[in-house]
Every structure is written in structure tokens, then in C-alpha cells.
Amino acid sequence: MLHNDKAKTTARLTSGLYLAVLATLVLTTFYPAPVEGVSIALILTVKLLPLLAFVVPVFRGHNRGYIWMSFVLIFYFMQAVVSAWLSEGAVGPMVMTILTALLFTMAMVHLKVNRPIAN
């Protein structure tokens, strides 16, 4: 539930970043080249399934879903940082690092802005 206009803005920004992270995960599956000998469907399932569990909470702006998504994002961020380091700054891992950090930050901003009004 969105409690004010700022929360609507942060929810839209978070949704956009969420979609960008999902798109980046799909693109990095095929670029620069798919892993040979492994099913593309399996790779996409492993990459996307943990984040796809948060589709409804993200698009509805539910605070509890944002909190749990943030916990999961930490693993994506760590994997992206390690990949960026090992690949010596390849574009895919660097973009993923930036997007996951932005998504985490925007989710935290949304949680701060979307507090229920105390009576």
C-alpha cells in the first residue's frame, strides 16, 4: 500500500530498476556467449527465479516484499562484484553491480518514504 505521493514515485523508480535488473540477467545469459553444454532454460531459471518471487510486492509497493527482496539482492550484488573483479571490469558485471546497488538503495528509500502514518 502506498501512503503518499513520494511513495508512488519511489515505487515507480524501484519497479523500473527491478525490470532493468531482470533484463540485465537475461542479456548476460546470451552475451558474450551462452555457456555450452548447459540448458539455457536452466540458467535462466536459476538466475531469475529468486527475483521473480518478488514481482507482485514490487509492483504493488508492499513494504514487506521490498524488505525481503533487499535480502535477496545482496546475493546478486555480491555475485556481480566478484564477476566484475574477476573479469577485470567487463560491461555486463559492472552494469549488474550498479543496477543491484541502485535497486537496493531505491528500495530502502521507498521503505523510508512509505511509512504508515502513525495515529
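Residues numbered from 1 in each chain as written. Predicted model: local features only at pLDDT ≥ 70, side-chain atom pairs only at ≥ 80, totals over all residues. Heavy atoms only, no water.

*Asks:* How should the side chain of Ser15 be read in this particular structure?
*Replies:* As for its position among the elements, Ser15 is in helix α1 (residues 5–30). For Ser15, a relative accessible area of 10% corresponds to the buried category. Filtering out sequence-adjacent residues up to four positions away, Ser15 remains in contact with Val58 and Phe59. (Helix = DSSP H or I, 4+ residues; strand = E, 2+ residues; numbered from the N terminus. Buried < 20%, exposed > 50% of the residue type's maximum accessible area, 1.4 Å probe, protein only. Contact = heavy atoms within 4.5 Å.)

*Asks:* Help me understand a nonpolar patch on the surface in this model?
*Replies:* Among the surface-exposed residues, Ile67, Trp68, Phe71, Ile74, Phe75, Phe77, Met78, Val81, Phe104 and Met108 lie close enough to one another that they form a single nonpolar patch of about 920 Å² accessible area. Mapped onto the nonpolar patch, the elements with two or more residues apiece are α4 (63–86) and α5 (91–113). Considering each element in turn, the nonpolar patch owes the most residues, eight residues, to α4. Within the secondary structure layout, Phe75 lies in helix α4. On the basis of relative accessible area, Phe75 is assigned to the exposed category, the value being 58%. (Patch = residues over 30% accessible without salt bridge, like charges linked within 9 Å, V, L, I, M, F, W, Y side chains within 5 Å. Areas by Shrake-Rupley, 256 points an atom, 1.4 Å probe, with all protein chains shown as cover. Salt bridge = Lys/Arg side-chain N within 4 Å of Asp/Glu carboxyl O.)

*Asks:* Whenever I open this one, α1 confuses me. Can you help?
*Replies:* Working note: α-helix, 3.6 residues per turn, so residues spaced by three or four point in the same direction. An ideal rise of 1.5 Å per residue puts 38 Å on 26 residues; α1 measures up with 39 Å between its terminal C-alpha atoms. In this structure Asn4 caps α1, since a side-chain oxygen of it lies 3.1 Å from the backbone nitrogen of Lys6. (Expected span 1.5 Å × (residues − 1). Polar contact = N/O pair within 3.5 Å; in protein donor to acceptor, adjacent residues only side chain to side chain.)

*Asks:* Teacher, can you tell me more about the packing of aromatic side chains here?
*Replies:* Given two aromatic rings, their pairing is described by the distance between the two centres and the angle made by the two planes. Counting across every chain of the model gives two aromatic pairs. An angle of 85° between the planes, with centres 6.0 Å apart, marks the rings of Tyr18 and Phe59 as edge-to-face. Of the two residues, Tyr18 is situated in helix α1 and Phe59 in helix α3 (residues 55–60); the sequence distance between them amounts to 41 residues. (Phe/Tyr/Trp six-rings, centres within 6.5 Å; stacked < 30°, edge-to-face > 60°.)

*Asks:* Got a minute to help me understand the pattern of salt bridges in this structure?
*Replies:* Pairing between side chains becomes possible if they bear opposite charge and their charged atoms approach one another. A full pass over the atoms with the stated rule returns one salt bridge. Put simply, Asp5 and Lys8 hold a salt bridge, and the shortest N to O gap is 3.9 Å. On the criterion of helical spacing, the pair formed by Asp5 and Lys8 is a turn pair, its members being three residues apart in helix α1. A relative accessible area of 60% places Asp5 in the exposed class.

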